[in-house]
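For reference, the chains in residue letters:
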Amino acid sequence: MLNLLAWFKFDVGEGAFYAVFGFLFVFLGIALLVAFFSVLGLIMKKVNARKPRVKKGKKPQTETVAASDGEETLSPQTVAAITAAVAMYFEQENVKCDFVVKRIKKL
C-alpha cells in the first residue's frame, strides 16, 4: 500500500485540509450571498409596501381613473366608452381577444 502512495507527493492530511478549507470557503460564500439577498428582499418589500397617506377627513378618490401621464383624469363613463369601442373594433376584425370580463363588482 505504501508503494502505491509513493507517487503521490501530498500527504493525505494536507489534501484533507485543502478539501475541508475549500468546502468551508464555498459554504460561507453561499451563506453570505443568501443573507445578502434575504436582507435586500426585506428592504424591497418594505419599500414597495408603503401606502400613500390619506389626510384626515378626506376620502381617497375612487370616482376617476388617472391617465398614464398623471395630469388628466378620466371619468368612469369615459373609460367604459373607450373599453366598448375597443371591444367593438376587435369584434369587427374577428380578432380573438383573451380578455374576458367574468364579473363586475360595484364599489
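A short tour of the structure in this document, coming up. (Residues numbered from 1 in each chain as written. Predicted model: local features only at pLDDT ≥ 70, side-chain atom pairs only at ≥ 80, totals over all residues. Heavy atoms only, no water.)

Moving on, we come to the overall build of the chain. If you tally the helices and strands in the chain, you get 2 helices and 2 strands. Each helix and strand of the chain, placed in order from N terminus to C terminus, yields the pattern α-β-β-α. Among the 107 residues that make up the chain, the fraction classed as buried is 0%. When the accessible surface of the chain is summed, it comes to about 11,400 Å², and 66% of that surface belongs to carbon and sulfur atoms. (Helix = DSSP H or I, 4+ residues; strand = E, 2+ residues; numbered from the N terminus. Buried < 20%, exposed > 50% of the residue type's maximum accessible area, 1.4 Å probe, protein only. Areas by Shrake-Rupley, 256 points an atom, 1.4 Å probe, with all protein chains shown as cover.)

This brings us to the packing of aromatic side chains. If you walk through the whole model with that rule in mind, you get 4 aromatic pairs. For the pair Phe17 and Tyr18, a centre-to-centre distance of 5.8 Å together with 55 degrees between the ring planes defines the contact as tilted. Ring centres of Phe21 and Phe25 lie 6.4 Å apart, and the angle between their planes is 25 degrees; on these two criteria the pair is classed as stacked. On the criterion of helical spacing, the pair formed by Phe21 and Phe25 is a turn pair, its members being 4 residues apart in helix H1 (residues 12-48). Take Phe21 and Phe25: they sit in the same class, and that class is exposed. Clustering of aromatic rings is evident, with ring pairs tying together Phe17, Tyr18, Phe21 and Phe25. (Phe/Tyr/Trp six-rings, centres within 6.5 Å; stacked < 30°, edge-to-face > 60°.)

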